[in-house]
Amino acid sequence: MMRPLNEEKVFKDPVHNYIHVQDTTIWRLINTAEFQRLRRIRQLGTSYFTFHGAEHSRFSHSLGVYEITRQIISLFERNQYADWPKEEKLLTLCAALLHDLGHGPFSHSIEEAFDMNHEDWTCRIILGDTEIHNILCEVDPELPAKVASVIAKTYDKPIVVNLVSSPLDADRMDYLLRDAYYTGVNYGTIDIDRIIRMLRPHHGRIVVKESGMHAVEDYLMSRYQMYWQVYFHPVTRSSEMVLRLIFKRAKELYHNGFQFEFMVKPIISLFKDQLNVEQYLKLDEALLQTAFMQWTTENDPILSQLCERFMHRRLYKYVELEPQDMDRIDEIREAFIQAGLDPDYDLVVDFPSDLPYDIFHPGDEVSQKQILLLDRQERLQEISEVSDIVRSISGLHRGKVHLYFPEEKLNIALSKFSPSITHIFKDY
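Just so you know, the residues in each chain are numbered from 1, in the order the chain's sequence is written. Restriction of local features to residues with pLDDT of at least 70 applies here, the model being predicted, together with a cutoff of 80 or more for giving and counting side-chain atom pairs; totals for whole chains, interfaces and linings are based on all residues. Side-chain metrics in this entry use all non-hydrogen atoms of the structure; hydrogen atoms and water are not considered.

Chemist: How would you sum up the pairing of strand 4 (residues 205-209)? Please name residues and give values.
Modeler: Taken across its 5 residues, strand 4 has 4 buried, putting it largely inside the fold. Both strand 3 (residues 199-202) and strand 4 contribute to a ladder of 4 bridges, which runs antiparallel. Directly across from Pro201, in strand 4, lies its bridge partner Ile206. Should DSSP find at least two bridges between two strands, the strands are taken to pair. Secondary structure elements follow DSSP: runs of H or I of four or more residues count as helices, runs of E of two or more count as strands, with numbering from the N terminus. Linking strand 3 back to strand 4 in an antiparallel pair, the connection comprises 2 residues, with His203 at a positive phi of about 50°. Bridge count for strand 4 against strand 8 (residues 372-374) is 2 bridges, and the pairing is parallel. Each residue of the ladder has a partner; that of Lys209, found in strand 8, is Leu374. Exposed residues in this analysis have more than 50% of their type's maximum accessible area, buried residues have under 20%, and partly exposed residues fall in between, with area computed by a 1.4 Å probe over protein chains only.

Take a look at the structure:
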């Protein structure tokens with residue numbers, strides 16, 4: 001049940017101009033400790049090492065996703081579309097606002113290092129003993145479980161899930177626009193107003209009016225370009241590799257009984273895989289960067305050097321591995337060992353890949369992973385069936401394989417490599 005504020009609240013936003021908050025519950029959720037924590041989690045992790053403007057937070061992104069969702073629902077209500085379940089408005093807005101609540105510091109890097117999932121943590125925070133849980137329960141004792149089920153994609157009304165998580169959802173639309181704005185690139189500048197105008201609720205899911213196909217093509221192409229030009233930029237990947245090596249080394253030392261000069265309980269619980277919600281909420285980028293700075297003087301040369309690299313942007317250099325050398329990775333690792341290097345910490349092989357769009361194959365059942373176009377005769381067609389552009393970028397795309405390494409160590413070791421191995425590193 002929506003409970004209007006006495007006076008609408010607005011946030012000035014560089015992407016959407018204004019973000020409008022009209023409901024008491026949404027306003028209270030924004031002002032919880034759990035949601036405010038997102039100010040201390042960068043949206044793009046370590047991308048600020050590559051694009052200095054990429055300092056924006058999960059907080060601003062979450063507000064943006066809420067605003068796009070609010071605009072879409074407002075469109076549906078103004079046009080009185082019969083297929084939109086009006087009673088689900090507050091649930092949908094809450095799920096949009098809270099969808100990234102469980103992101104940890106440096107987001108996807110920490111997830112890969114410790115085998116975590118931010119959506120699982122989002123649900124745990126919503127269902128746990130938190131301010132957010134209590135506010136949702138005041139509206140309806142079942143609301144926390146409903147919001148969690150939308151985020152987990154198990155809610156029994158897919159049309160609600162579609163707005164928050166689908167190939168054409170509010171989350172993707174905001175992060176493309178916001179990430180492009182803060183990184184200074186033009187790839188993510190999609191025509192969001194037209195996309196929103198072309199969305200329709202239809203038989204339990206969100207579809208796109210046929211005349212909006214070209215705007216959606218542009219959106220999918222923008223997403224494709226952002227992944228390869230921004231998210232998978234090799235310098236950003238280098239910073240992520242160093243970060244993961246820090247996590248790896250620190251965890252390894254802890255389990256071997258190393259006595260850290262600086263350590264805090266949330267990080268200990270992280271290493272022991274015993275984090276509870278209270279401890280998890282204390283993990284933010286300020287805490288980890290404090291730890292990294294302290295660890296630059298720890299009595300372990302591997303950890304201290306890795307932390308110094310990360311804190312002072314002395315990242316690993318990289319070379320592109322040519323296709324004919326792909327089967328030589330074991331040989332390269334052995335060459336590092338013979339030269340006195342540690343391939344576990346002095347060599348990282350990166351295989352970036354992305355699925356820009358999950359193409360529909362004839363005979364398959366149409367899933368929530370596909371974008372459907374609605375023509376004037378109320379017939380549905382999956383977009384890749386009619387768009388050459390979408391077909392061209394569909395399916396799994398693998399990027400160039402890169403080898404990452406510490407430059408000064410490689411320079412010393414090069415003379416010990418065989419000519420064929422030395423040739424691989426000639427262009428760094």
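Chemist: Now, about the packing of aromatic side chains: what can you tell me, with residues and values included?
Modeler: Put simply, two rings from Phe, Tyr or Trp (the six-membered ring, in Trp's case) pair if the centres are within 6.5 Å, and we call them stacked under 30 degrees between planes, edge-to-face over 60, tilted for the rest. Under the defined criterion, the tally for this structure stands at 27 aromatic pairs. Relative to Tyr231, the ring of Tyr227 has its centre 4.8 Å away and its plane inclined at 80°; by these criteria the two rings are edge-to-face. Note that Tyr227 and Tyr231 are positioned in helix 12 (residues 213-231) at a spacing of 4 residues, about one turn of the helix. Overall, Tyr231 belongs to the buried group, its relative accessible area being 12%. Where Trp228 meets Phe232, the ring centres are 5.0 Å apart and the plane angle is 65°; that geometry is what we call edge-to-face. Phe232 sits in the buried class, given a relative accessible area of 14%. A network of ring pairs unites the aromatic residues Tyr48, Phe49, Phe106, Phe114, Phe247, Tyr254, Phe258, Phe260, Phe271, Phe292, Trp295 and Phe310 as a single cluster. By definition, being over a ring means that NZ of Lys or CZ of Arg is both within 6 Å of the ring centre and within 35 degrees of the ring normal. Sitting over the face of the ring of Tyr18, Lys12 holds its NZ or CZ atom 4.9 Å from the ring centroid. Here the basic side chain of Lys248 rests over the ring of Tyr345, its NZ or CZ set 4.9 Å away from the ring centre.

Chemist: Can you break down helix 5 (residues 107-114) residue by residue, with the values?
Modeler: For helix 5, the full list of buried residues reads Ser107, Ser109, Ile110, Glu111 and Phe114. Check the buried side of helix 5 and you find it contacts helix 3 (58-78), helix 6 (118-127), helix 13 (234-255), helix 14 (265-271) and helix 16 (285-295). Among the residues trailing helix 5, Asp115 stands out with phi positive, at a value near 50°. Residue contacts are counted whenever heavy atoms from the two residues lie within 4.5 Å of one another.

Chemist: Help me get a handle on unusual backbone geometry, residues and values and all.
Modeler: For residues other than glycine, phi is negative in most cases, and the peptide bonds are mostly trans. The backbone of Gln80 sits at a positive phi, close to 50°, despite the residue not being glycine. The topology assignment puts Gln80 in the loop between helix 3 and helix 4 (89-98). Despite not being glycine, Glu378 shows a phi value in the positive range, around 65°. Within the element layout of this structure, Glu378 appears in the loop between strand 8 and strand 9 (380-382).

Chemist: Explain the packing of helix 7 (residues 131-139) against helix 8 (residues 143-151) to me, and be specific about the residues and the numbers.
Modeler: In this analysis, axes come from line fits to C-alpha atoms, helices being fitted only over the stretch in contact, and the angle between any two N-to-C directions falls in the range 0 to 180 degrees. Running from N to C, helix 7 and helix 8 cross one another at 115°; their axes reach a closest spacing of 7 Å. Judged by the angle between their axes, helix 7 and helix 8 are roughly perpendicular. For the pair helix 7 and helix 8, contact is made by His133, Leu136, Cys137 and Val139 and by Leu143, Pro144 and Val147, respectively. All amino acids are sorted into three groups, where Ala, Val, Leu, Ile, Met, Phe, Trp, Tyr, Cys and Pro are nonpolar, Asp, Glu, Lys and Arg are charged, and the leftover types, Gly among them, are polar. In terms of residue class, the contact of helix 7 with helix 8 is built from 6 nonpolar, 1 polar and no charged. An angle below 35 degrees is treated as roughly parallel, one above 145 as roughly antiparallel, one from 65 to 115 as roughly perpendicular, and anything else as oblique.

Chemist: Tell me about the domain arrangement of the chain, residues and numbers included.
Modeler: For each domain, the first and last residues come from an automatic or database assignment. Domain boundaries assigned for the chain yield domain 1 (4-232 + 373-388) and domain 2 (233-315). With 31 residues of domain 1 in contact, the opposing surface of domain 2 contributes 27 residues. By definition, the buried area sums, over both parts, the 1.4 Å-probe accessible area that each loses when the two are put together. For the pairing of domain 1 and domain 2, the buried interface totals around 2,700 Å² over both sides, and the portion due to carbon and sulfur atoms is 63%. Of all residues in domain 1, Phe49, Phe106 and Phe114 give up the largest surface area on contact with domain 2, accounting jointly for 26% of the area buried on that side. Each reported salt bridge corresponds to a side-chain nitrogen of Lys or Arg within 4 Å of a carboxyl oxygen of Asp or Glu. At the boundary of domain 1 and domain 2, one finds 3 salt bridges. Across the pair Glu112 and Arg244 runs a salt bridge, and its minimum N-O distance is 3.2 Å. Each polar contact in these results corresponds to two N or O atoms within 3.5 Å; when the atoms are within protein, one needs to be able to donate a hydrogen and the other to accept it, and residues that are neighboring in sequence are counted only if both atoms are side-chain atoms. Taken together, domain 1 and domain 2 are joined by 14 residue pairs in polar contact (both at pLDDT 80 or more). Among the secondary structure elements, those contributing two or more residues to the side of domain 1 that touches domain 2 are helix 5, helix 6 and helix 12. Considering each element in turn, the side of domain 1 that touches domain 2 owes the most residues, 5 residues, to helix 5. Considered class by class, the residues forming the side of domain 1 that touches domain 2 number 16 nonpolar, 9 polar and 6 charged.

Chemist: Explain the sheet that holds strand 8 to me, and be specific about the residues and the numbers.
Modeler: Spatially, 4 strands are ordered 3-4-8-9 in an open sheet, and the strand pairing comes out mixed. Two strands lie at the open edges of the sheet, namely strand 3 and strand 9, each paired on one side alone. Recorded for the sheet is a direction-independent mean angle of 45° between the axes of neighbouring strands. Relative to strand 9, strand 8 runs antiparallel, the two sharing 3 bridges. Bridge pairing in strand 9 links Leu372 to Glu382.

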